[in-house]
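Now for the letters of each chain:
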Amino acid sequence: MFIQQLVNGLILGSTYALIALGYTMVYGIIELINFAHGEIYMFGAFAGLLLVTVLKVPFFLAFFLAMALAALLGMTVEFLAYRPLRHSTRLAALISAIGASIFLQNLALLIMGAQPYTFPSPVEAKVYQTPFFTISRLEIIILIFSFLLMIALTLFIQRTKIGKAMRAVAQDKDTASLMGININQIITVTFAIGSALGAASGVMVGIYFRTVTFSMGLMPGLKGFVAAVLGGIGNIPGAMMGGILLGITETIGAAYISSQYRDAVAFALLIMVLLLKPTGLLGRPVQEKV
Amino acid sequence: MPPETILTATGICHSFGGLMALEDVDFQIKRKEIVSLIGPNGAGKTTLFNLFTGHYNPTRGEIYFNNRKINGLKPYQVTPIGIARTFQNIRLFGQMSVLENVLVGQHCRTRSGLFDAILRTRGFRQEEARARKVALEMLAFVRLEEKKDEKACNLSYGEQRRLEMARALATNPSLLLLDEPAAGMNPQETTSLMELVRQIRDQMGITILLIEHDMKVVMGISERVAVLNYGRKIAEGTPREVQNNEEVIRAYLGESA
Amino acid sequence: MAVFDSIHLFLQELIGAYYMQLIILVGINTIMATSLNLIIGYTGQLSIGHAAFMSLGAYCSALVTLHLGFPFLLSLLCGALFAAIFGVIIGIPTLKLKGDYLAIATLGFGEIVRIVCLNLEITGGAMGLRGIPKKTNFVWVLLAVLFTVFILNRIIKSRIGRALVAIREDETAADSMGINSTYYKILCFGVGAFFAGLGGGLLAHYIRFLHPKTFDFMKSIEQLCMVVLGGLGNIWGSFVGATILTVAPEMLRSVADLRLLIYGLVLILMMRLRPQGILGEQTRLAPFFSQKIRNLLQKRTRTNT
Ligand SMILES: Nc1ncnc2c1ncn2[C@@H]1O[C@H](COP(=O)(O)OP(=O)(O)O)[C@@H](O)[C@H]1O
Ligand SMILES: [Mg+2]
């Protein structure tokens, strides 16, 4: 029973981790909570759904196309709602981000309506029985995809030139730009990658729970952020760890405490972490320059 | 009888996650002195200020102000006991008026709370009137009284520096720390700034420690100069002594080379 | 308080029940927006959980009316104080956080309050709380609005108000002025929550039915919109913002579905084009309008000559 919950938590957590990466990458670079990230996740799910059901695109392809489309959307949001405010107060940027989130969510409501859509399953429902837990084929696929994406991201950040530039910009924007790095370009790339990962999560969750709705981004979006804070915002391995930790805590909390308070668990965890270790589990304390 | 030395710092070390910004610095300021702190960029001067005002807590070492240990105190606790400062990168309350900036400076010298404010008690009104009067005096002192209703962010650079000084003075300090007060000023403004600093000491009896790069200012007003380089104090003495100190010359030449 | 009822009924007779309802909702929203403005506009702390404080006040005052038979004024006071206590409790730990974290913490707090109300028995759970007597009327709302604006105005124009704005402008510099910023942020949260709770109590005794959904995240966003539209750091602006966002959806019934979409756009566009809000930096209504009129007249005369 407990191990089963752990496995369920791991699956849920890996989808949170993918969302958390988008928050953490963006925050690391422009110190802004991208409130619209949950809506990008929702958009990814819709894009995947429509590609599969309306345009009859094969699943595998639809998955990556949805990621690409979400990347485009993420870059557009950055360009329209955040970039013009780069030199105004943080409060202004944050309010604009909230605006973008509300706008996208209600745009989806307007276009797609309030009813939930069913995502057809890409694989036959087959369940594997092990001595300690059961796991479905779909769940295995979700786990593998999530971890492959996380490994790909890690390699990208560590090995490629753009990845290194991203780290440089996150460290010190001024120095990075003196060294000839195009800051705007790096910010755009960051939004693109973060959004693509969010969309990947959206598609997988859509398939997993078999429903896609206009408001599906709100809770996972918030939880992805909680996961990012948990791991130490701005910290990429931290986001992965935070996501998985949150998934497991939530599943176990729902199983052993109360399933009605499932969503409250995440926020209680958030407030606790903020109090005990505001820099998150892997974040390093920084002393504000005076 | 207050002690002869107003501030004593011993064995100060401060590191930012591995980077040693200050190493084993001893420092003293005598009452009613004008002391300059100089040194190349990144030497740790501003960090020392931040330690004195409680913005950072020293990694090691002790700081005494009027014989009272102050490290570990928060900035809002340090100000009421008599240390005021200005910032290297001016930090005014930009959207507030010039007068309001100086009124905020008197925060720790006023007492009225929530209920006084709501009920507009007599004590509240008297305190407000007094605060206003003091604020206007401070503004007159730095020659900004005509700009009292302008927004702070609309002042010129030199005016902003003077306003920051007036705001610091409004906290009624006995020690005033000025972080590069002449930076960005033209020669005329610099001259009147030097005059102003001297007046603050002579008329108000306030001890002054300033960080400055302009050697004309340093040589012109300070009675004593301390030199930091790479987080260490490498020299201290009268302006003349420091000027001819070989290590100091090397530190500065090393920087420009 | 029969007098209040008579005045209310007389006015309702005069303008009709529909407009009366609009006016009362404008009043309650004004209380919400002005108190939120103290937190966001004056102190610069982004709270996106104001509706949670409203719900605490609403449930508390409704419950003391229903179970303890408290008189209206006392039940309003209970609701407001209850919300204020939570404002302080949530404030003490979270206000040490810098802006963005605070926003998320308030959001999380709001969600927790909603989920708890949804699951408690005493709040009626998912069924909602029914049968609250109707006690709110025009006179009560008017008095509450005047009270709120009066108190907030006095706080703002005092040493405390200056400290709050100083924290917004530059927290490090404010600390250097001897301002204990954590204390003032908690104070401002407590005061803001108090009035939010008052608004909640009025609403509870007006719509007579409470459901956690009434106070969800979107409600907090709506209140944020009112503040932003009217102008951050401008009490009169919040009145204008609350009026517009209460009346406009009623007038534009045909685009009711677009309401939230427009809210989103309002937030983005206001930040980009007019971050100071509709009224701008004018702190009083009269000079604003007289200035507009003067400008208009000047334009007239210029084109005439
Ligand atoms: N908050 C901080 N975090 C990390 N390093 C810092 C911080 N503040 C200052 N430093 C570093 O400490 C050193 C001393 O800085 P500072 O005291 O500002 O020098 P100065 O004022 O003499 O020019 C520099 O190397 C600077 O980069
Ligand atoms: Mg410096």
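Residues numbered from 1 in each chain as written. Chains lettered and ligands numbered in written order. Predicted model: local features only at pLDDT ≥ 70, side-chain atom pairs only at ≥ 80, totals over all residues. Heavy atoms only, no water.

(A) Representation of the overall build of chain A in the model. Helix and strand content of chain A: 11 helices and 4 strands. The C-alpha atoms of chain A give a radius of gyration of 19 Å, which matches the 19 Å a tight globule of 290 residues would have. Principal-axis analysis of the C-alpha atoms places the extent of chain A at approximately 55 × 45 × 35 Å. Looking at chain A as a whole, 56% of its 290 residues are labelled buried. Considering only contacts within chain A whose residues lie at least 6 apart along the sequence, 75% involve residues at least 24 apart. A total accessible area of about 12,700 Å² is found for chain A, and carbon and sulfur atoms account for 68% of it. (Helix = DSSP H or I, 4+ residues; strand = E, 2+ residues; numbered from the N terminus. Rg over C-alpha atoms; globule rule 2.2 N^0.38 Å. Buried < 20%, exposed > 50% of the residue type's maximum accessible area, 1.4 Å probe, protein only. Contact = heavy atoms within 4.5 Å. Areas by Shrake-Rupley, 256 points an atom, 1.4 Å probe, with all protein chains shown as cover.)

(B) Spatial organisation of the packing of aromatic side chains. Residue and element names in this part refer to chain A. On inspection of all chains with the given rule, the structure shows 22 aromatic pairs over all chains. Relative to Phe 191, the ring of Tyr 82 lies with its centre 5.7 Å away and its plane at 45°, an arrangement referred to as tilted. Separated by 109 residues along the polypeptide, Tyr 82 in helix 3 (residues 59–82) and Phe 191 in helix 8 (residues 183–209) bring together distant segments of the chain. Owing to a relative accessible area of 4%, Tyr 82 belongs among the buried residues under this scheme. On the numbers, 4.9 Å between centres and 50° between planes, the contact of Tyr 208 with Phe 209 is tilted. Here Tyr 208 falls in the partly exposed class, since its relative accessible area comes to 24%. (Phe/Tyr/Trp six-rings, centres within 6.5 Å; stacked < 30°, edge-to-face > 60°.)

(C) Up close: the side chain of Arg 85 of chain B. Residues and elements named next belong to chain B. Within the secondary structure layout, Arg 85 lies in strand 6 (residues 83–85). Buried within the structure, Arg 85 lacks any salt-bridge partner; its nearest side chain of opposite charge belongs to Asp 179, at an N-O separation of 4.3 Å. Engagement of the side chain of Arg 85 in a polar contact is seen with the side chain of Asn 50, the distance being 2.6 Å. For Arg 85, the side chain forms a polar contact with the side chain of Thr 53, separated by 3.2 Å. (Lys, Arg positive; Asp, Glu negative; His and termini not counted. Salt bridge = Lys/Arg side-chain N within 4 Å of Asp/Glu carboxyl O. Polar contact = N/O pair within 3.5 Å; in protein donor to acceptor, adjacent residues only side chain to side chain.)

(D) Inspection of the site of ligand 1 at higher detail. Residues and elements named next belong to chain B. Inspection of the region around ligand 1 gives 14 residues, with Gly 42, Gly 44, Lys 45, Thr 46 and Thr 47 positioned closest. The contact in question runs from an oxygen atom of ligand 1 to an N or O atom on the backbone of Gly 44, over 2.9 Å. Contact with the protein chains removes 75% of the 560 Å² of surface that ligand 1 exposes when unbound. Among the elements of the structure, strand 2 (19–30) and helix 1 (45–52) are those that each provide at least two residues to the shell around ligand 1. The greatest single-element share of the shell around ligand 1, amounting to 3 residues, is contributed by helix 1. Residues that form the shell around ligand 1 fall into these classes: 5 nonpolar, 6 polar and 3 charged. (Near = heavy atom within 4 Å. Nonpolar A, V, L, I, M, F, W, Y, C, P; charged D, E, K, R; others polar.)

(E) Structural view of the coordination of the magnesium ion (ligand 2). Residues and elements named next belong to chain B. The protein atoms donating to the magnesium ion (ligand 2) are Thr 46 (OG1) and Gln 88 (OE1), with metal-donor distances spanning 2.0 to 2.1 Å. Of this pair, Thr 46 sits in helix 1 while Gln 88 sits in the loop between strand 6 and helix 3 (98–105), placing them 42 residues apart in sequence. Judged by relative accessible area, which is 32%, Gln 88 ranks as partly exposed. (Donors = N, O, S within 2.8 Å, 3.2 Å for Na, K, Ca; no water.)

(F) Spotlight on the confidence of the model for chain C. All names here are of chain C. Across chain C, the average pLDDT comes to 88, with 90% of residues at or above 70. Ranking the helices and strands of chain C by mean pLDDT puts helix 3 (residues 50–68) first, with 97, and helix 13 (residues 285–304) last, with 55. Scored by ipTM, the complex comes to 0.93, with pTM at 0.89. (pLDDT = per-residue confidence, 0-100.)

(G) Region of the structure containing the sheet that holds strand 3 (residues 34–38) of chain B. All names here are of chain B. Pairing in this open sheet of 6 strands is mixed, and the strands run 6-7-8-3-9-10 from one edge to the other. Sheet topology places strand 6 and strand 10 (232–237) at the edges, where each strand pairs with a single neighbour. Between one strand and the next, the sheet's axes are offset by a mean angle of 20°, whatever the strand orientation. With 3 bridges connecting them, strand 6 and strand 7 (residues 175–179) associate as parallel partners. Bridge assignment links Ile 83 to a residue of strand 7, and that residue is Leu 175. Its contacts with the sheet put helix 6 (residues 157–170) on strand 6 and strand 7, and the angle it makes with strand 7 is roughly 160°. (Pairing = 2+ DSSP bridges. Axes fitted to C-alpha atoms, helices over the stretch in contact; angles between N-to-C directions.)

(H) The packing of helix 2 (residues 17–42) of chain C against helix 11 (residues 235–251) of chain C, seen in detail. Residue and element names in this part refer to chain C. Across the interface, helix 2 lies against helix 11 with an axial gap of 7 Å and an inter-helix angle of 140°. The angle between the axes of helix 2 and helix 11 places the two elements in the oblique class. In the crossing of helix 2 with helix 11, the sense of the turn from one axis to the other is right-handed. Residues Tyr 18, Leu 22, Leu 25, Val 26, Asn 29, Thr 30, Ala 33, Thr 34, Asn 37 and Tyr 42 of helix 2 form the contact with helix 11, whose participating residues are Ile 235, Ser 238, Phe 239, Ala 242, Thr 243, Thr 246, Val 247, Glu 250 and Met 251. In terms of residue class, the contact of helix 2 with helix 11 is built from 11 nonpolar, 7 polar and 1 charged. (Parallel < 35°, antiparallel > 145°, perpendicular 65-115°, else oblique. Left-handed = near helix turned anticlockwise from the far one by under 90°.)

(I) Quick look at the interface of chain A and chain C. Every contact between the two is made by 42 residues of chain A and, on the other side, 39 residues of chain C. Between chain A and chain C the total buried area reaches about 3,500 Å² when both faces are included, carbon and sulfur atoms providing 82% of it. Viewed at the interface, chain C and chain A are joined by 0 salt bridges. On the surface where chain A and chain C come into contact, there are 1 residue pair in polar contact (both at pLDDT 80 or more). Elements supplying a minimum of two residues to the side of chain A that touches chain C: helix 3, helix 4 (90–112), helix 9 (218–231) and helix 11 (262–276) of chain A. (Buried area = accessible area lost by both parts, 1.4 Å probe.)

(J) Representation of the pattern of salt bridges within the structure. The final tally for this structure, using the stated rule, is 24 salt bridges over all chains. With a shortest N-O distance of 2.9 Å, Arg 86 of chain A and Glu 78 of chain A are connected by a salt bridge. Judged by relative accessible area, Glu 78 of chain A falls into the buried class, the value being 1%. Salt-bridge contacts for Arg 168 of chain C lead to Glu 169 of chain C; the nearest nitrogen and oxygen are separated by 3.1 Å. Counted as one network, the salt bridges with shared partners bring together Lys 223, Glu 250, Arg 262 and Asp 263 of chain A.

(K) Spatial organisation of the nonpolar core. By size, the foremost hydrophobic cluster in this structure holds 131 residues, and its most contacted members are Leu 21, Phe 35, Tyr 82 and Ile 98 of chain A together with Leu 46, Ile 48 and Leu 224 of chain C. In contact with Leu 224 of chain C, other than residues within four places in its own chain, are Ile 95 and Ile 98 of chain A together with Leu 36, Ile 40, Leu 46, Ile 48 and Leu 267 of chain C. (Core = buried A, V, L, I, M, F, W, Y, C linked by side-chain atoms within 4.5 Å.)

(L) Expanded view of the packing of helix 2 (residues 37–53) of chain A against helix 4 of chain A. All names here are of chain A. Close contact between helix 2 and helix 4 brings their axes to 9 Å; oriented N to C, the two are set at 25°. Regarding the angle of helix 2 to helix 4, the classification is roughly parallel. Once helix 2 is placed against helix 4, the crossing between them reads as left-handed. Listed contacts from helix 4 to Glu 39, Met 42, Phe 46 and Leu 50 of helix 2 are Ser 101, Leu 104, Gln 105, Ala 108 and Met 112. Among the residues forming the contact of helix 2 with helix 4, the class breakdown is 6 nonpolar, 2 polar and 1 charged.

(M) Up close: helix 12 (residues 259–273) of chain C. When the terminal C-alpha atoms of helix 12 of chain C are compared, their 20 Å separation across 15 residues agrees well with the 21 Å that a helix rising 1.5 Å per residue should span. Leu 260, Leu 261, Tyr 263, Gly 264, Val 266, Leu 267, Ile 268, Met 270 and Met 271 of chain C are the residues of helix 12 of chain C that are buried. For helix 12 of chain C, the elements touching its buried residues are helix 3 and helix 4 of chain A together with helix 10 (217–230) and helix 11 of chain C. (Expected span 1.5 Å × (residues − 1).)

(N) View of a nonpolar patch on the surface. Residue and element names in this part refer to chain C. Among the surface-exposed residues, Phe 10, Leu 14, Ile 15, Tyr 18, Tyr 19, Ile 23, Met 251 and Leu 252 lie close enough to one another that they form a single nonpolar patch of about 810 Å² accessible area. Those elements that place two or more of their residues in the nonpolar patch are helix 1 (2–15) and helix 2. Following the sequence through the fold, Tyr 19 ends up in helix 2. (Patch = residues over 30% accessible without salt bridge, like charges linked within 9 Å, V, L, I, M, F, W, Y side chains within 5 Å.)

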